[in-house]
Amino acid sequence: ASRRTHQDDHAEMIERFLDKFAKLIIDISWVVWEDVICEPGKNKPKEVWLKLFEKHPTRFTMGSDQVGQFIGPVGHNYLKPEIIKYWALAEYCKPATAKAILY
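Please read these numbers as outputs of a predicted model, since none were measured by experiment. Counting from 1, residues in each chain are numbered in the order their sequence is written. Only residues with pLDDT of at least 70 get local features here, since the model is predicted, and only at 80 or more are side-chain atom pairs given and counted; chain-wide, interface and lining totals rely on the full set of residues. By convention in this description, side-chain values take in all heavy atoms of the structure and omit both hydrogens and water.

Before going further, it helps to examine the side chain of R59. Mapping R59 onto the fold places it in the loop between α3 (47-55) and β2 (60-62). Identification of polar contacts relies on pairs of N or O atoms within 3.5 Å, with a donor-acceptor requirement for protein atoms, meaning one able to donate a hydrogen and the other able to accept it, and with residues adjacent in sequence counted only if both atoms are side-chain atoms. Looking at R59, its side chain comes within polar contact range of the main-chain oxygen of A22, at 3.4 Å. What makes two residues a contact is simply this: any of their non-hydrogen atoms within 4.5 Å. Residue contacts for R59: discarding those within four places in its chain leaves L18, F21, A22, K23, L24, I25 and I26. Strands are runs of DSSP state E lasting at least 2 residues, helices are runs of H or I lasting at least 4, and numbering of each runs from the N terminus.

Generally speaking, a soluble globular protein has its nonpolar side chains buried in company with each other. By convention a nonpolar core is built from buried Ala, Val, Leu, Ile, Met, Phe, Trp, Tyr and Cys residues, the set being connected through side-chain atoms within 4.5 Å. The classification of residues rests on relative accessible area computed with a 1.4 Å probe and restricted to protein chains. Under 20% of the type maximum is buried, over 50% is exposed, and intermediate values are partly exposed. Core analysis: the largest hydrophobic core is formed by 24 residues, its most contacted members being I14, I28, W33, W49, F53 and F60. Breaking this core down by element, the ones donating at least two residues are α1 (10-20), β1 (26-28), α2 (30-37), α3, α5 (88-92) and α6 (95-102). The contacts of I28, once residues within four sequence positions are left out, are W33, I37, F53, F60, T61, M62, G63, Y86 and I101.

What follows is the structure, given as structure tokens:
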């Protein structure tokens, strides 16, 4: 699922795929997290996505799109800010759901 293919019923489309393809795992890309899953300007998933995470907790994995260089030349951690934003799932999902996605 990509931001370039966003449609208004993005969550419903993903749900149809998950219902149809039993082994499908969805990578929550950093741009999809920010542009599609979360409420505008917030690090809080929209209700439709929270319901989908609860329905299929083992079918999602977090993604960073950070490729190749995780630590910058002077020690800056490029990966950390792309990963910790997903911790919001622990606040808004049931503990078992958050653990299934985050670990």
